[in-house]
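# Summary of structural features
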Amino acid sequence: MPYTHARQPHCLPHRRIIRGLLMLLVVTAPLAARASESCQVGTYRLADGQLVDVAPSEGDTLRWRKLDGSTGALTQVAPGKWKSSYGWTGRPDGIEVSFDTCPAACLRFDGQHGRRISLRMTETRFTSHGTQLAGRLVLPAGNARVPVVVLVHGAERASARRIYALQRMLPAQGVGAFVYDKRGTGDSSGRYTQDFELLADDAVAAMHQARRLAGKRLGRIGYQGGSQGGWVVPLAARRERVDFAIVSFGLAVSVIDEDQQEIALEMQLKGYDPDIVAKAQAIGAAAERLIASGFTEGFDELDAIREKYRHEPWYKDVHGNYTWMILPIHREEVASKGAALRFGTPFHYDPMPTLSALTVPQLWVLGGQDLEAPSAETSRRLRGLIAHGHLITLALYPDAEHGMTEFETGKHGERISTRYPPGYFRMLAEFARHGRLDDDYGQARIMRPASAGTTPGMPTANHP
């Protein structure tokens, strides 16, 4: 969302021009990555037919992901040999992985032989509003026409071309992917921003470049965006029509509403009564006014409410999406700390007019346990749009949180991600292919539009 923090270790991957001239500087090359990573990074088909993707991760580790949602971190224990730990827990899961000589064409995963899937990767640079952005088109091997998904980033500062596993996991399922570093990150120039309008223009430019590079192989084309990308994708899809739009763990409320809803949900989960929840939200409102004004209005109100409540035992638990960063800041620190938080974020942006006007098929995939982007109000609003005939499919994974991962709770109440929900990765590819979901996808509770042959707004999955 607007600002990411380290509460969940999975948030980094998951923290998402119309008039611009596209540069036709295109180079076909292997996956660009650090030398130590490029050997193993890729998607492999195991002897039993399962697919496992190996991606860069934190530090010197790698991360494997299967299409069934299972995942683990790989730590090197000897040349070419790695041991896995369960999800993001750090606990050994007994899986051992070994790679052959670099570049690795084969691996041995938990006793099974696997071979790297051949994908066609085209590196490119294109321009949006005078800024050069670095992108990559990844297509399945062969000459068949395929849908292409333009991957729109969240709020993360890392290179999407380095960390996004979907750039391979979709092509491994027969769906192309175009990934690009957002402005101010990775190999793209420009200044990092959270200006949704500008980022939507960048996404449109990326779509044009993906369309151009795919050429005769292009079937359908659309967007997928996670977290903050949930605000950007509908804007981009509204500016120039595409065939579909996918939002993962995004919001149909404003940035201010997101912070308020997160404060309320966190306090409720900690067992506080409604009176204390209301006080926590009042603290958040003062912090929100300050940051939304660019630190020019609201210091008196923030000082007053901090002084009023800072000795209360519950004060330490007031968090929110970004309120927690504002509460420690004092007037004399604005010049240094405040400037670092000005990203052009449109705090009062209301996404509903755009969603109401959008006519392309949309898939929204939400987590029922999402703290960073609480899904209750967004789900309610999307159900309302579905009931009024909009081509929206809503899929809710009840046990998933932000980043679309399931989790366990640690001894101090912290959440530790363990895996992705079964069916999630397959769902993204299916919607890109058809613009609808025709199957069950694990525990997902799915509400389909009336055009899918159902009553609008009614659940149609096997888990109502």
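Residues numbered from 1 in each chain as written. Predicted model: local features only at pLDDT ≥ 70, side-chain atom pairs only at ≥ 80, totals over all residues. Heavy atoms only, no water.

Residues spaced three or four apart along an α-helix point in a common direction, a consequence of the helix completing one turn every 3.6 residues. Compared with an ideal rise of 1.5 Å per residue, which puts twelve residues at 16 Å, helix 13 (residues 376-387) spans 17 Å between its outermost C-alpha atoms and is within 8% of the ideal. At its buried positions, helix 13 is contacted by helix 12 (352-357), strand 16 (362-367), strand 17 (392-397) and strand 20 (445-447). (Helix = DSSP H or I, 4+ residues; strand = E, 2+ residues; numbered from the N terminus. Expected span 1.5 Å × (residues − 1). Contact = heavy atoms within 4.5 Å.)

It is worth spelling out the environment of His388 at this point. Assignment of secondary structure puts His388 in the loop between helix 13 and strand 17. For His388, a relative accessible area of 69% puts it in the exposed group. Spatially, the C-alpha atoms of His388 and Pro449 are 9.2 Å apart, while their sequence positions differ by 61 residues. (Buried < 20%, exposed > 50% of the residue type's maximum accessible area, 1.4 Å probe, protein only.)

This paragraph deals with helix 9 (residues 299-309). Within helix 9, burial applies to Phe299, Leu302, Ile305, Arg306 and Tyr309. Viewed end-on, helix 9 has its buried residues packed into an arc of 135 degrees, placing them on one side of the element. Facing away from the buried side of helix 9 by over 90 degrees, the exposed positions are Asp300 and Lys308. Structurally, helix 9 contributes buried residues whose contacts are with helix 8 (274-292), helix 10 (323-326) and helix 11 (334-338). (Arc of directions from axis to C-beta.)

A word on the sheet that holds strand 5 (residues 71-78). Read around the closed barrel, eight strands run 2-3-4-5-6-7-8-9, paired in antiparallel fashion. This sheet shows a mean twist of 30 degrees between the axes of neighbouring strands, independent of strand direction. (Pairing = 2+ DSSP bridges. Axes fitted to C-alpha atoms, helices over the stretch in contact; angles between N-to-C directions.)

This part covers the nonpolar core. In this structure, Val148, Val150, Phe178, Tyr180 and Tyr223 are the most contacted members of the largest nonpolar core, which totals 79 residues. No other element matches helix 5 (residues 196-214), which puts ten residues into this core. Ranked by size, the runner-up nonpolar core spans 35 residues in total, among them Ala400, Phe425, Leu437 and Ala444. (Core = buried A, V, L, I, M, F, W, Y, C linked by side-chain atoms within 4.5 Å.)

A regular strand carries its side chains on alternate faces of the sheet. Of all seven residues in strand 12 (residues 146-152), seven are buried; the element is thus mostly enclosed. Here strand 12 pairs with strand 14 (residues 218-226) via six bridges, running parallel. What sits directly across from Val150, in strand 14, is Tyr223.

A word on the pattern of salt bridges. Under the counting rule described, the total for this entry stands at 24 salt bridges. In this structure, Asp187 engages Arg161 in a salt bridge whose closest nitrogen and oxygen atoms are separated by 3.0 Å. Here Asp187, found in the loop between strand 13 (176-180) and helix 5, pairs with Arg161, found in helix 3 (residues 160-163); they are 26 residues apart in sequence, far enough to count as distant. Taken together, the salt bridges that share partners define one network made up of Glu123, Arg136, Arg161, Asp181 and Asp187. (Salt bridge = Lys/Arg side-chain N within 4 Å of Asp/Glu carboxyl O.)

Bringing the pairing of strand 2 (residues 42-46) into the picture now. With respect to burial, strand 2 is a largely interior element, four of its five residues being buried. As judged from the four bridges shared by strand 2 and strand 3 (residues 51-56), these two strands associate in the antiparallel manner. Paired with Gly42 across the strands is Val54, a residue of strand 3. Hairpin remark: strand 2 followed by strand 3, antiparallel, with four residues in the connecting loop; positive phi at Gly49, about 95 degrees. As paired strands, strand 2 and strand 9 (residues 112-116) are joined by three bridges and run antiparallel to one another. Of the residues in strand 9, the one forming a bridge with Leu46 is Gly114.

Before going further, it helps to examine the environment of Ser417. By the element assignment, Ser417 lies in strand 19 (residues 415-419). Judged by its relative accessible area of 0%, Ser417 falls in the buried class. The spatial distance from the C-alpha of Ser417 to the C-alpha of Met404 is 9.5 Å, given a sequence separation of 13 residues. Here the side chain of Ser417 touches Thr405 through a polar contact of 3.0 Å, side chain to side chain. (Polar contact = N/O pair within 3.5 Å; in protein donor to acceptor, adjacent residues only side chain to side chain.)

What follows is about unusual backbone geometry. Even without a glycine there, the phi angle at Phe249 is positive, about 40 degrees. Residue classification places Phe249 among the buried positions, given a relative accessible area of 3%.

This paragraph deals with the side chain of Ser375. Within the fold, Ser375 resides in the loop between strand 16 and helix 13. Residue classification places Ser375 among the buried residues on the basis of a relative accessible area of 9%. A polar atom in the side chain of Ser375 sits 3.0 Å from the backbone oxygen of Gly367. Those residues in contact with Ser375, other than ones at most four positions away along the chain, are Leu366, Gly367, Gly368, Asp370 and Leu396.

Function-wise, these values are silent; they only describe arrangement.
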